[in-house]
Structures are given as C-alpha cells and as structure tokens.
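# Structural description and commentary
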Amino acid sequence: MPLEEIRVVLAAPDTAARNAGIAAHPRHMERHLEQTRATVASLRRLLEEPPPTIAVEYRSIPPAHVFGLRSRVAMDDVGQWWGAAFDQLHEALTIAGLQRSGPDSALYPAEFFQAGLGEVTAFIPVTGGPGPSRQPGVLELPGAELAVAVHRGAFDDLDTTYGALGGFVTERAIGVDGPIRENYMVSAYDTADEARHQTEVCWPEFLTAPAASR
C-alpha cells in the first residue's frame, strides 16, 4: 500500500472510515492491473503485428477560439479526467451562450507521452456569443500544420494508429515540436458501439507543400 494511502488509513477518525480506506486499495490495484493488461496487449500488437496501412491527410488549421479546460494529468488517470472534463464542458457550453463549431477535441503535449504526465487540454471549438475571447473558459489555440489519420474503433487500440502515423511522419515528413491533437468525430458520447468510434489523430509537422491527402 502506498504511503499516502497508509496515512489516510492511520488518520481515519473511526473504524468505518479506516475500513473504507483499506477497501480503496484493492480497487486501485484492480484498476492498475486492468491498465497494465491493456498496455501489454497494446505493446504486443505493436511488436507482433505489421503496422496498419493508413491514409494521411495534410491539414493547415488557423488559430481558433475554443471552450476548454486545462489540467496537469497523469497518463494513468487520463481516462477518468477526460470523461469528467467533457461532462463539465458540455454542461457549461450552453450556459455560456456559445455555439459549437467542431467536435470534442484534446491536446496532449510531448511530455505527456514521454514522462507519463503533462498539461492536457480538453476543448470544444466555438463561435458566437458576445466577445467570445473574453468569455470565462474560452482559450485561444494557435494555428498548426498537421498530418492527420483517422482511427476507427475502440480507444484501447488508438496506439496502433499513433504508431503508424508517427512512422509515416518520421519517414515522409518533417515533424515539429507541439502537442498532438485528437478530434473525437464519433466518440463514446455519440455511440456505445466501439466499432463506430472515429478519432482523428493529428500530428504536428512542417508542411513543404499545399495541404492535401497522400
């Protein structure tokens, strides 16, 4: 049991609180085991299966106003944070009087993948409303040049598209520093059928020709 959880148990004011603290540990271990199994299965697919053939679109996007949340998130906690963030954004969007202009999306910095911890931005592109840039919760994202591939299927398999797109950019384009963007074209919020989920994975790069599909 981690030291922080031991401190919680020792500081519990009564037996019920102490038992609740102890019971939380196996639940945490079960979640960690599930994540480990998913990671191992993902690595096995990457190592044993040939990389998928993917269609890549080159896209140049302008700066944009978005309604978003930023938080420093650990990779192990990102699924739970992601769901809570978009629940909050969906509820707040109507109250703010802003109109959606694109799909739910998120930005993941390089350090998130390298160190397992980084500042993640969950956001919804917006238009409308008086002075959107002055609205609480509205962020301005810089423009970017991106190589884009569409992942179809469960989020647990998203790393296969990441691997294929990363290899494509390494071999055929000029990668640049910047966050990777995910656009959730058809997500868990739209359908419970994982086979219908569609996520655009957008890799920052330096375009040497007009944006087009290749």
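That block above? That's the structure.
The following refers to the structure shown. Sequence order as written defines residue numbering, which begins from 1 separately in each chain. This being a predicted model, a pLDDT of at least 70 is required before a residue's local features are given, and a value of 80 or more before pairs of side-chain atoms are given or counted; all residues contribute to the totals for chains, interfaces and linings. Side-chain numbers come from the whole structure's heavy atoms, not from hydrogens or water.

### Overview of the overall build of the protein chain
For clarity, the cut-off: Each helix is a run of H or I in the DSSP string that is no shorter than four residues. Each strand is a run of E no shorter than two, and both are numbered from the N terminus. Think of it in three bands: residues with accessible area under 20% of the maximum for their type are buried, residues over 50% are exposed, and the middle band is partly exposed, with areas taken using a 1.4 Å probe on protein chains only. Here, residues are in contact when the closest pair of their heavy atoms is within 4.5 Å. Computed by Shrake-Rupley with a 1.4 Å probe, the accessible areas treat only the displayed protein chains as cover when residues are assessed.
Per the secondary structure count, the protein chain includes five helices and 10 strands. Residue burial in the protein chain is summarised as follows: out of 214 residues, 35% are buried. Considering only intrachain contacts with a sequence separation of at least 6, the fraction spanning at least 24 residues in the protein chain is 75%. Per element, the accessible surface of the protein chain, about 12,600 Å² overall, is 56% carbon and sulfur.

### A closer look at helix α3 (residues 78–96)
Our working definition: Helices are assigned an expected span. That span is 1.5 Å times one less than the residue count.
Taking 1.5 Å per residue, 19 residues should reach 27 Å; α3 reaches 26 Å between its end C-alpha atoms and fits that length. Turning to α3, its buried residues number three or more, namely V78, W81, W82, G83, A85, F86, L89 and L93. Residues of α3 that are buried in the fold lie against β2 (64–74), β3 (99–100), β4 (105–108), α4 (110–115), β5 (117–127) and β9 (180–186). One or two residues past the end of α3 sits G97, with phi positive at roughly 75°.

### Some remarks on the nonpolar core
This is how the line gets drawn: Think of a nonpolar core as a cluster: buried Ala, Val, Leu, Ile, Met, Phe, Trp, Tyr and Cys residues, connected wherever their side-chain atoms sit within 4.5 Å.
F67, W81, Y108 and L165 are the most contacted members of the largest nonpolar core, which has 30 residues in total. For W81, the contacting residues outside a window of four places in its chain are L69, S71, V73, V120, T121 and A122. Judged by nonpolar contacts, the second largest core, of five residues, contains V66, L107, F123 and L139.

### Regarding the pairing of β2
Heads up, the condition is: Two strands qualify as a pair provided that DSSP identifies no fewer than 2 bridges between them.
Inspection of the sheet shows β2 paired to strand β6 (residues 138–141) by four bridges, in the antiparallel sense. Along β6, the bridge assignment pairs F67 with V138. Pairing between β2 and β5: nine bridges, direction antiparallel. Counted as the bridge partner of F67 is I124 from β5.

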